[in-house]
Amino acid sequence: MWRLANHVRRYAWGSTTEIPRLLGTEPDGQPQAELWLGAHPSAPSRIDGASDPIGLDAAIAADPVAALGANVAESFGARLPFLLKFLAVEQPLSLQAHPCKERAQAGFAAEEAAGVPVDAPHRNYKDTNHKPELVMALGEFEALCGFRAPAEAAADLAELTTPLARALQGDLAAPDPSEALRAAMTRLLTLPAEDRAPLVTETTEELAKRVESPAGHLRAVLDLAERYPGDPGAVAALLLNHVVLAPGEALFLPAGNVHAYLSGVAVEVMATSDNVLRAGLTTKHVDPEELLAVLDYAVLPVPYVEPVVRGGLAEYRPEIDDFALVVAEPGEKAVWLPGGPAIALVLDGTVELHAPSGANLALARGESAFLSAETGSALVSGRGRVVVATVARTSATKARTVERQDSRWSDVHPILDAVNPR
């Protein structure tokens, strides 16, 4: 087990207080948006207390089998396949989507061949990986997520008379829902540059006049229009599902899912990638052609992920190989964590991790640790709430883990029996 020191990413949409509150540091008045826990090469966690400063990425690369396990190393190479983040959203993020792995590989190769620097502002593909994401709310968390039925969006535009609104009404009337959404989204993202702001502004202004007391979805759309005047992304928000998550609720965002986080605090786990294609609500690079090719225009239910609660854990396991998210709340009894590779972050309280080797590690709120495959399943005692990112498990692996947890380790390690009497 390695205690970690992690990077804080400062983006304009971040909160000035939430990450300092988690870490127990004084706010400096500047936005702090994301705390990154993992081995992403742009901001790898560091092994805290090591005699020689070393990044988690380098430590894993030095002995990937010990760190990741033979199966994970064979499947994903000598890198941690997931990245855990603590998100503090004070202002809306950009409207965006992420590519599938095949699209990322092709896009990365094309930009490499064209000589586009990886750090260039107009670069789309920073790596060859996909970036599916799971976000779990820690308080009320507001988001836009995936396309809703065209008829629902058309109903919100029905009384508007602007040229853009009338054109979108025609697009959304197409008999095939996916084609209707594709046509509407294409129209919005390819408006002529000289006409874009006037068309969007007159549409959102008319919408605001016709809605006396906007709430829910329309309130969010008008708030985006005020924050990003003339941006087609505000009108595109009408095409999407509006979601308000309660604490503990989660969404899974696969490749092609268009989404935007609007406000709140959450934890997020994703495949290790930085590939983001933006549709609007941003000053950063927008590539309409590439984004429109990546989007999934299917009308699907809001992709909630229901946790499976067992053994003192709430487990969020979407249909993805790269990651799962687990929440442990030790109290009267200690709780077994999933086997490594895993990263544990303490959200509340003070806990202690107990490895099968007999090693212990005390962690307070805001502190974190990497559990290697070599560490095995660790026990967490104390009182608090711990969120754990780990690699998704097959049924066979789950069964072996449960069997191991049920064995009497106390015969070998009396301390485990002391913290969790049987």
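Residues numbered from 1 in each chain as written. Predicted model: local features only at pLDDT ≥ 70, side-chain atom pairs only at ≥ 80, totals over all residues. Heavy atoms only, no water.

- The protein goes by mannose-6-phosphate isomerase in an unreviewed UniProt entry, where it is assigned to Thermobifida halotolerans.
- Here the protein is described in UniProt, under the heading Sequence similarities (unreviewed entry), as follows: "Belongs to the mannose-6-phosphate isomerase type 1 family."
- According to the UniProt record, the Catalytic activity (unreviewed entry) comment for the protein is "D-mannose 6-phosphate = D-fructose 6-phosphate". (UniProt positions renumbered as here; feature names shortened; annotations may be inferred.)

1. A word on the domain arrangement of the protein
Line of reasoning, step 1. According to the domain assignment, the protein contains domain 1 (2-144 + 245-304), domain 2 (155-237) and domain 3 (305-390).
Line of reasoning, step 2. Each of domain 1 and domain 2 has a C-alpha centre, and these two points are 29 Å apart.
Line of reasoning, step 3. Taken together, the contacts link 18 residues of domain 1 with 20 residues of domain 2.
Line of reasoning, step 4. Each partner contributes to the roughly 1,500 Å² buried at the junction of domain 1 and domain 2, and carbon and sulfur atoms together form 71% of this total.
Line of reasoning, step 5. If you sort the residues of domain 1 by the area they bury against domain 2, Leu-281, Leu-292 and Tyr-297 come out on top, with a joint share of 41%.
Line of reasoning, step 6. Taken together, the links from domain 1 to domain 2 amount to one salt bridge.
Line of reasoning, step 7. Notably, a salt bridge pairs Glu-142 with Arg-219, separated by 2.5 Å at the nearest N-O pair.
Line of reasoning, step 8. Along the contact surface separating domain 1 from domain 2 lie four residue pairs in polar contact (both at pLDDT 80 or more).
Line of reasoning, step 9. Looking at the side of domain 1 that touches domain 2, the elements with two or more residues in it are β8 (141-147), β12 (277-280) and α12 (288-294).
Line of reasoning, step 10. Classifying every residue of the side of domain 1 that touches domain 2 gives 14 nonpolar, three polar and one charged. (Domains from an automatic or database assignment. Contact = heavy atoms within 4.5 Å. Buried area = accessible area lost by both parts, 1.4 Å probe. Salt bridge = Lys/Arg side-chain N within 4 Å of Asp/Glu carboxyl O. Polar contact = N/O pair within 3.5 Å; in protein donor to acceptor, adjacent residues only side chain to side chain. Helix = DSSP H or I, 4+ residues; strand = E, 2+ residues; numbered from the N terminus. Nonpolar A, V, L, I, M, F, W, Y, C, P; charged D, E, K, R; others polar.)

2. Things to note about the packing of aromatic side chains
Line of reasoning, step 1. With the rule as written, the count across this model stands at five aromatic pairs.
Line of reasoning, step 2. Between Phe-141 and Tyr-261 the ring centres are 5.2 Å apart and the planes differ by 65 degrees, which places this aromatic pair in the edge-to-face class. In this pair, Phe-141 is assigned in strand β8 and Tyr-261 in strand β11 (residues 259-271), connecting sequence segments 120 residues apart. One exposure class covers both Phe-141 and Tyr-261, and it is buried.
Line of reasoning, step 3. The ring of Trp-36 carries the charged tip of Arg-9 above its face, separated from the ring centre by 4.5 Å.
Line of reasoning, step 4. When the ring centre of Tyr-11 is taken as origin, the NZ or CZ atom of Lys-284, which lies over that ring, is 5.3 Å away. (Phe/Tyr/Trp six-rings, centres within 6.5 Å; stacked < 30°, edge-to-face > 60°. Buried < 20%, exposed > 50% of the residue type's maximum accessible area, 1.4 Å probe, protein only. Lys NZ or Arg CZ within 6 Å of the ring centre and 35° of its normal.)

3. Some remarks on the nonpolar core
One broad rule of soluble globular proteins: the nonpolar side chains tend to lie buried together.
Line of reasoning, step 1. Membership of the largest hydrophobic core comes to 49 residues, with the highest contact counts inside it found for Leu-95, Phe-147, Leu-172, Met-185, Leu-207, Leu-239 and Leu-295.
Line of reasoning, step 2. Among the elements that make up this core, the one with the highest residue count is helix α10 (residues 216-227) (six residues).
Line of reasoning, step 3. The next biggest cluster of nonpolar side chains, apart from the first, holds 39 residues, and it includes Ala-67, Leu-68, Val-72 and Val-265. (Core = buried A, V, L, I, M, F, W, Y, C linked by side-chain atoms within 4.5 Å.)

4. A short note on the UniProt feature "binding site: Zn(2+)" (unreviewed entry) in the protein
Line of reasoning, step 1. Mapped onto this structure's residue numbering, the UniProt feature "binding site: Zn(2+)" (unreviewed entry) falls at Gln-96, His-98, Glu-133 and His-259. The named residues occupy 164 residues along the chain; their greatest pairwise C-alpha distance, 12.3 Å, places them in one compact cluster.
Line of reasoning, step 2. Structurally, the position occupied by His-98 is in the loop between β6 (95-97) and α5 (101-113).
Line of reasoning, step 3. If we skip the residues at most four places from it in the chain, His-98 touches Lys-131, Glu-133, Ala-255, Gly-256, His-259, Asn-275, Val-276 and Val-294.
Line of reasoning, step 4. At a separation of 3.5 Å, a polar atom in the side chain of His-98 contacts the side chain of Gln-96.

5. Some words on the side chain of Asn-241
Line of reasoning, step 1. Take Asn-241: it is sitting in strand β9 (residues 240-245).
Line of reasoning, step 2. Residue class for Asn-241 comes out buried when judged on its relative accessible area of 14%.
Line of reasoning, step 3. Within the structure, the side chain of Asn-241 is placed 3.4 Å from the backbone oxygen of Phe-147, a separation counted as a polar contact.
Line of reasoning, step 4. Look past the residues within four positions of Asn-241 in its chain and what remains in contact with it is Ala-143, Leu-144, Cys-145, Gly-146, Phe-147, Arg-148, Leu-300 and Val-302.

6. A look at helix α9 (residues 193-210)
Line of reasoning, step 1. Look at α9: 27 Å from first C-alpha to last across 18 residues, which is about the 26 Å you get at 1.5 Å a residue.
Line of reasoning, step 2. For α9, the complete set of buried residues consists of Leu-199, Val-200, Thr-203, Thr-204, Glu-206 and Leu-207. Projection of α9 onto a plane perpendicular to its axis shows the buried side chains occupying an angular sector of 155 degrees, all on one side. With respect to the buried face of α9, the exposed residues turned more than 90 degrees away are Glu-194 and Lys-209.
Line of reasoning, step 3. The elements touched by buried residues of α9 are α6 (150-157), α7 (163-172), α10 and α11 (232-236). (Expected span 1.5 Å × (residues − 1). Arc of directions from axis to C-beta.)

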